[in-house]
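Architecture at a glance
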Amino acid sequence: DTGVSQNPRHKITKRGQNVTFRCDPISEHNRLYWYRQTLGQGPEFLTYFQNEAQLEKSRLLSDRFSAERPKGSFSTLEIQRTEQGDSAMYLCASFAGGRSSYNEQFFGPGTRLTVL
Amino acid sequence: GQQVMQIPQYQHVQEGEDFTTYCNSSTTLSNIQWYKQRPGGHPVFLIQLVKSGEVKKQKRLTFQFGEAKKNSSLHITATQTTDVGTYFCAGVSGTYKYIFGTGTRLKVLA
């Protein structure tokens, strides 16, 4: 257990439905990342936050994806009008950031999304 | 855009043999991290390399960062069955956007 939690762990939805995932990072970590991972591939960067500010969002991400981190604590990732191609594991990672150059990312267990 | 490739994609070794995975970036990196992901698990941080030509060791694992900071390698000496998993490099250049490599899946045969 890395201290990063994600909910739900599994989500099955029908095409066209909206889904929302939650990530609770390690409390003192100010940076939070969202990644998507499909079978046999490495984690694909989606977006990241420093505190409550969303600093970068992948250009590969369509407008159906949105993420928030209110108050710089937990974060949510919403996918609107899901498509079968959205089926993947969605991973959240946090790290302390700051002046330290030691930017170990702590990953949560992920949310596995299946779009039928 | 920035791309990070790893070779080989798969590697099967007999227990006790050595293993090496190579990571190559299309752009110069600020730093590179290595992660291990066990089947069904999430990536777990192994190490971060920052300096050109840097070499770090963790027991049987040796990590290198190329002089041009565009490539890196992970070498495992005398593999054990506990080394099974997929090894990913993740590079960053400029911002804090980490680009993960394609991964090398290691199987160790007892």
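Quick notes on the rules
Residues numbered from 1 in each chain as written. Chains lettered and ligands numbered in written order. Predicted model: local features only at pLDDT ≥ 70, side-chain atom pairs only at ≥ 80, totals over all residues. Heavy atoms only, no water. Helix = DSSP H or I, 4+ residues; strand = E, 2+ residues; numbered from the N terminus. Buried < 20%, exposed > 50% of the residue type's maximum accessible area, 1.4 Å probe, protein only. Contact = heavy atoms within 4.5 Å. Areas by Shrake-Rupley, 256 points an atom, 1.4 Å probe, with all protein chains shown as cover. Lys, Arg positive; Asp, Glu negative; His and termini not counted. Charge placed at Lys NZ, Arg CZ, Asp CG, Glu CD. Core = buried A, V, L, I, M, F, W, Y, C linked by side-chain atoms within 4.5 Å. Buried area = accessible area lost by both parts, 1.4 Å probe. Salt bridge = Lys/Arg side-chain N within 4 Å of Asp/Glu carboxyl O.

What follows deals with the overall build of chain B. Looking only at helices and strands, chain B has zero helices and eleven strands in total. Mapped from its N terminus to its C terminus, chain B presents α and β elements in the order β-β-β-β-β-β-β-β-β-β-β. When its C-alpha atoms are laid out on the principal axes, chain B stretches across 40 × 25 × 20 Å. Going through the 110 residues of chain B one by one, you find that 46% of them count as buried. Look at the contacts in chain B between residues 6 or more apart in sequence, and 54% of them connect residues 24 or more apart. Here chain B has roughly 5,200 Å² of accessible surface; of this, 51% comes from carbon and sulfur atoms. The distance from the centre of the 12 positive side-chain charges to the centre of the 6 negative ones in chain B is 9 Å.

Glancing now at the nonpolar core. Of all hydrophobic cores here, the largest spans 20 residues; its most connected members are Ile-32, Trp-34, Phe-63, Leu-74, Ile-76, Tyr-87 and Leu-106 of chain B. Setting aside residues up to four positions removed in sequence, Leu-74 of chain B forms contacts with Phe-19, Thr-20, Thr-21, Trp-34, Leu-61, Thr-62, Phe-63 and Tyr-87 of chain B. With 19 residues, the next largest nonpolar core counts Val-19, Cys-23, Leu-46 and Ile-79 of chain A among its residues.

A few words on the interface of chain B and chain A. In this assembly, 16 residues from chain B lie in contact with 23 residues from chain A. With both chains or domains summed, chain B and chain A bury close to 1,800 Å², and 53% of this area falls on carbon and sulfur atoms. The three residues of chain B that bury the most area against chain A are His-42, Tyr-96 and Lys-97 of chain B, which together make up 34% of that side's buried surface. There are one salt bridge connecting chain B and chain A.

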